[in-house]
Protein chains: 6
Amino acid sequence: MRVTISRKAHFNAAHRLHNEHWSEEKNNKIFGKCNNPHYHGHNYDLVVSVTGDIDPDTGYVMDAKILKDLIKAEVEEALDHKNLNLEVPEFKSLNPTAEYIAVVIWNKLKPHLDASHDLSVTLYETPRNYVTYNG
Amino acid sequence: MRVTISRKAHFNAAHRLHNEHWSEEKNNKIFGKCNNPHYHGHNYDLVVSVTGDIDPDTGYVMDAKILKDLIKAEVEEALDHKNLNLEVPEFKSLNPTAEYIAVVIWNKLKPHLDASHDLSVTLYETPRNYVTYNG
Amino acid sequence: MRVTISRKAHFNAAHRLHNEHWSEEKNNKIFGKCNNPHYHGHNYDLVVSVTGDIDPDTGYVMDAKILKDLIKAEVEEALDHKNLNLEVPEFKSLNPTAEYIAVVIWNKLKPHLDASHDLSVTLYETPRNYVTYNG
Amino acid sequence: MRVTISRKAHFNAAHRLHNEHWSEEKNNKIFGKCNNPHYHGHNYDLVVSVTGDIDPDTGYVMDAKILKDLIKAEVEEALDHKNLNLEVPEFKSLNPTAEYIAVVIWNKLKPHLDASHDLSVTLYETPRNYVTYNG
Amino acid sequence: MRVTISRKAHFNAAHRLHNEHWSEEKNNKIFGKCNNPHYHGHNYDLVVSVTGDIDPDTGYVMDAKILKDLIKAEVEEALDHKNLNLEVPEFKSLNPTAEYIAVVIWNKLKPHLDASHDLSVTLYETPRNYVTYNG
Amino acid sequence: MRVTISRKAHFNAAHRLHNEHWSEEKNNKIFGKCNNPHYHGHNYDLVVSVTGDIDPDTGYVMDAKILKDLIKAEVEEALDHKNLNLEVPEFKSLNPTAEYIAVVIWNKLKPHLDASHDLSVTLYETPRNYVTYNG
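Residues numbered from 1 in each chain as written. Chains lettered and ligands numbered in written order. Predicted model: local features only at pLDDT ≥ 70, side-chain atom pairs only at ≥ 80, totals over all residues. Heavy atoms only, no water.

(A) Focus on the overall build of chain A. Each helix and strand in chain A was counted, giving four helices and five strands. From first element to last, N terminus to C terminus, chain A shows the α and β order β-α-β-α-β-α-α-β-β. Oriented by its inertia axes, the alpha-carbon framework of chain A measures out at about 60 × 25 × 20 Å. Taken over 135 residues, chain A has a buried fraction of 59%. Sequence-distant contacts, at least 24 apart, represent 66% of the contacts inside chain A between residues at least 6 apart. Roughly 5700 Å² of accessible area belongs to chain A as shown, and the carbon and sulfur atoms make up 50% of that amount. Of the charged side chains in chain A, 15 are positive and 19 negative; the average position of the first set lies 6 Å away from that of the second. (Helix = DSSP H or I, 4+ residues; strand = E, 2+ residues; numbered from the N terminus. Buried < 20%, exposed > 50% of the residue type's maximum accessible area, 1.4 Å probe, protein only. Contact = heavy atoms within 4.5 Å. Areas by Shrake-Rupley, 256 points an atom, 1.4 Å probe, with all protein chains shown as cover. Lys, Arg positive; Asp, Glu negative; His and termini not counted. Charge placed at Lys NZ, Arg CZ, Asp CG, Glu CD.)

Next up, the structure:
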């Protein structure tokens, strides 16, 4: 009996979309208002989904409290109330688009999970725009 | 790194469920209040999901603004504030159920996407009833 | 101890905004796509709020089941899956805007409540547009 | 044209997480406040998804009204306003975690569906914790 | 400049509606499934709203973190994962309807607020049924 | 027949809470992570509510399209994808707390409304924290 458990979390952060190899004009054309050099920000909503077998002793795939604490330690501590471009090492050389933020979060969480578990990360940049990365 | 990006949109429309090859009695029995000859309507909420590789230059699978504009041009212009049965050619000979509306929307969008991209369409007829079509 | 109890409900309907004393041109200018002669429609979400004293025997201001049944009998039966312009007598001579639909619902419900109870009606035409009428 | 239709439902229930083969101390350590012997409870939100071919006569994969009635008869009647541990036979020897409740619901619904239909059950224990079981 | 700040919180609890002065028959008639002697439960969502003047030094009516901690200490500690009838002293002689739970929460919070602040408590028993108490 | 119409909107922005008359230590103590000198950000959700009499010719208190355009011109153009501290003149000498942002929005909108209309502004800084200002 393989079941997926999902946990919602959120964090707030500032960011700017920018490609340092491009001219200012091209950055403006491609990223528009998201290229604002003074940054803008989002309430990012996050859904972390872990798929695995039910442990018959607990009835859990994984204790939701452990998953909540893992998200807090690995994701919220690193990203919440941060300027992603300036304060998060992974985005020193990576554009902090929703796509890459989801990949970074997936990479932060995966090593802490049981090897038999599958991981999926969904990140809402706004309630109407979101991305999903399954590794 | 294959990622799915999703964009929500919505439109309002009137429709009537009806099979012209059936008697009025059978239409009433199968479609109930949805067969009302004077039409009823919905706020349709739409989620369009596109799966592809991240472009390393932009950090995008696809620019969400382009996807938003595509949905506006191909779906909202065709369906918003319309009577689906009377004003939308695809439903001249197709019952405008949520299932078929999702298929029609998928067919409208797919030709405009990169051939390497997968498309999924989820359509909410009400907040409690929705359908998903992946092609 | 005066408390307000609220109950959510919903109905789907078709409508058209139109002023019969105006030219087609003026109707188009003022009501835009909402003037479509073939109708369009909405999922209307409704919140009915009743304020009164707590009955110490039950702990209720009013039994939520009775309020639910009242909304069903007086509002949903009259409006759900209907064409408001063609099938609802109140809108024969009244434009079915969200404002007037809220007033009509308030008038339908008020006579069935205890005279000591206050009534408020909130009607969502879409998740982003709504109106409130308190009598 | 294989389409998934989804229907949301909900029920309220009391439960307690407990492993009768463990000491009180271990139950407390593993299940925390969820082990409260006086029970606690939830508004469980349920999404039932059925995947199949569109019937060209109706335009439906399955009549949403039939799915709604099936969920009511098989799930809501059995679980709504119940104490899962004391009143639901399946949980006499099964811990009523979200994972196992989803499995029980899947098993209740599957025999009533067309053999060609796939079934997925998503159960929200809270708005931030949910599980999915696909059989 | 008088502004209202609102903070959402939630707790899960079991309860039973019952009037000990009534016969079992009358309790069943009035409270229906909510009278189940084995209890049922809810995810209660809570909105606490405090109205006051903006402090020009902070720009806050009240620090949202302090309000969050106050709700946690006074409401969540007392009610979360509890059986309201058996474990919460206020409901020893008070029926734990949504109305009375809102009044109890208001009474728990008011003494901890600045005397110049107004307090409003909204309690959702389900997403479709909620109550508001303003003192 | 005095009715309130409400329109939802949203904008994304970066900000930092800071009192320039305080020491770094005191700013840290009072504003915590919100004092991050590199800024953080939010998806601000906005509800603008206008109360007035129904115009019998249109059935509107105010055309929702006009209200939408007014919010776009006066609020979204000024605040969306901006750094509130650095780019919005009103916050040069005002701390951009949710409270003061709501007051600023109210002041931007009020002069554009009919004098007989009442205005209320609700601003969500996160889905769980919001403020309301009625002038």
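Now that the structure has been shown, the text picks up again.
(B) The interface of chain A and chain D, seen in detail. In this assembly, 22 residues from chain A lie in contact with 17 residues from chain D. For the pair chain A and chain D, the summed buried area comes to about 1700 Å², and 52% of that belongs to carbon and sulfur atoms. Remark: the boundary between chain A and chain D carries zero salt bridges. The tally of links from chain A across to chain D stands at nine residue pairs in polar contact (both at pLDDT 80 or more). (Buried area = accessible area lost by both parts, 1.4 Å probe. Salt bridge = Lys/Arg side-chain N within 4 Å of Asp/Glu carboxyl O. Polar contact = N/O pair within 3.5 Å; in protein donor to acceptor, adjacent residues only side chain to side chain.)

(C) Molecular detail of helix α2 (residues 64-79) of chain F. Residue and element names in this part refer to chain F. The terminal C-alpha atoms of α2 lie 21 Å apart, and with 16 residues this matches the ideal 22 Å at 1.5 Å per residue to within 8%. Of all the bends in α2, the greatest measures close to 35° and is centred on K72. Listed as buried for α2 are L67, L70, I71, V75 and L79. At its buried positions, α2 is contacted by β1 (2-15), β2 (40-53), β3 (82-83), α3 (84-87) and α4 (98-109). N-capping of α2 is provided by D63, with a side-chain oxygen placed 2.8 Å from the backbone N of K65. Positive phi shows up at H81, right after α2, with a value of about 60°. (Expected span 1.5 Å × (residues − 1). Bend = angle between axes of the 7 residues up to and from the residue.)

(D) A look at the relation of the copies chain A and chain F. For the pair chain A and chain F, the best superposition has an RMSD of 0.0 Å and corresponds to a rotation of 180° with a translation of 0.0 Å parallel to the axis. Here the two chains are linked by the operation of a two-fold rotation axis. (Least-squares fit on C-alpha atoms with pLDDT ≥ 70 in both.)

(E) Focus on the nonpolar core. By size, the foremost hydrophobic cluster in this structure holds 106 residues, and its most contacted members are C:I105, C:L123, E:I105, E:L123, F:I105 and F:L123. Setting aside residues up to four positions removed in sequence, E:L123 forms contacts with E:F11, E:Y44, E:D45, E:L46, E:A98, E:I101, E:A102, E:I105, E:N129, E:Y130 and E:V131. (Core = buried A, V, L, I, M, F, W, Y, C linked by side-chain atoms within 4.5 Å.)

(F) Just the pairing of strand β5 (residues 129-133) of chain B, in detail. Most of β5(B) is tucked away: five of the five residues are buried. The hairpin formed by strand β4 (residues 118-126) of chain B and β5(B) contains two residues between the paired strands. With five bridges joining them, β5(B) and strand β1 (residues 2-15) of chain D adopt antiparallel strand pairing. Across the sheet, B:Y133 pairs through a bridge with D:V3, a residue of β1(D). (Pairing = 2+ DSSP bridges.)

(G) Broad picture of a positive patch on the surface. A cluster of basic residues, A:K68, A:K72, E:K68 and E:K72, forms a positive patch at the surface. Elements supplying a minimum of two residues to the positive patch: α2 (64-79) of chain A together with α2 (64-79) of chain E. Residue placement: A:K68 occurs in helix α2. (Patch = residues over 30% accessible without salt bridge, like charges linked within 9 Å, V, L, I, M, F, W, Y side chains within 5 Å.)

(H) The packing of aromatic side chains, seen in detail. Inspection of every chain in the model, using the stated rule, returns 30 aromatic pairs over all chains. A centroid spacing of 5.6 Å and a plane angle of 70° characterise the contact between C:W106 and C:Y133, whose relative ring orientation is edge-to-face. Placement of C:W106 in helix α4 (residues 98-109) and of C:Y133 in strand β5 (residues 129-133) is noted, with a sequence separation of 27 residues between them. Centroid distance F:W22 to F:F31: 5.7 Å. Interplanar angle 25°. Geometry classified as stacked. Owing to a relative accessible area of 3%, F:F31 belongs among the buried residues under this scheme. An aromatic cluster of three or more residues is present, and its members are A:W22, A:F31 and B:Y60. When the ring centre of E:W22 is taken as origin, the NZ or CZ atom of E:K26, which lies over that ring, is 4.5 Å away. (Phe/Tyr/Trp six-rings, centres within 6.5 Å; stacked < 30°, edge-to-face > 60°. Lys NZ or Arg CZ within 6 Å of the ring centre and 35° of its normal.)

(I) The pattern of salt bridges, seen in detail. Under the defined criterion, the tally for this structure stands at 30 salt bridges over all chains. Between B:K33 and C:D80 there is a salt bridge, and its shortest N-O distance comes to 2.7 Å. Of this pair, B:K33 sits in the loop between α1 (24-31) and β2 (40-53) while C:D80 is found in the loop between α2 (64-79) and β3 (82-83), placing the two residues in two different chains. On the basis of relative accessibility, which here comes to 13%, the residue C:D80 falls in the buried class. When salt bridges that share partners are traced, they join A:R2, A:D53 and A:D118 into one network.

(J) The arrangement of the environment of D:Y133 in detail. For D:Y133, a relative accessible area of 6% puts it in the buried group. Separated by 32 residues in sequence, D:Y133 and D:I101 place their C-alpha atoms 9.8 Å apart. Here D:Y133 is in contact with A:M1, A:R2, A:V3, D:A102, D:V103, D:W106, D:L119, D:S120 and D:V121, once residues within four sequence places are set aside.

(K) Expanded view of unusual backbone geometry. Residues and elements named next belong to chain F. Of note in this structure, Y39 is not a glycine but carries a positive phi near 75°. Among the structural elements, Y39 can be located in the loop between α1 (24-31) and β2. The class of Y39 is buried, set by a relative accessible area of 13%. The phi torsion at H81 lies on the positive side, around 60°, for a residue other than glycine. Relative to the assigned elements, H81 resides in the loop between α2 and β3.

(L) Examining the relation of the copies chain A and chain D more closely. Rotating chain A by 120° and translating it 0.0 Å along the rotation axis places it on chain D, where the RMSD comes to 0.0 Å. Both copies of the chain, as the preceding transformation shows, are related through a three-fold rotation axis. Relative to the rotation axis, the closest C-alpha in chain A is found at A:P127, a distance of 8.8 Å.

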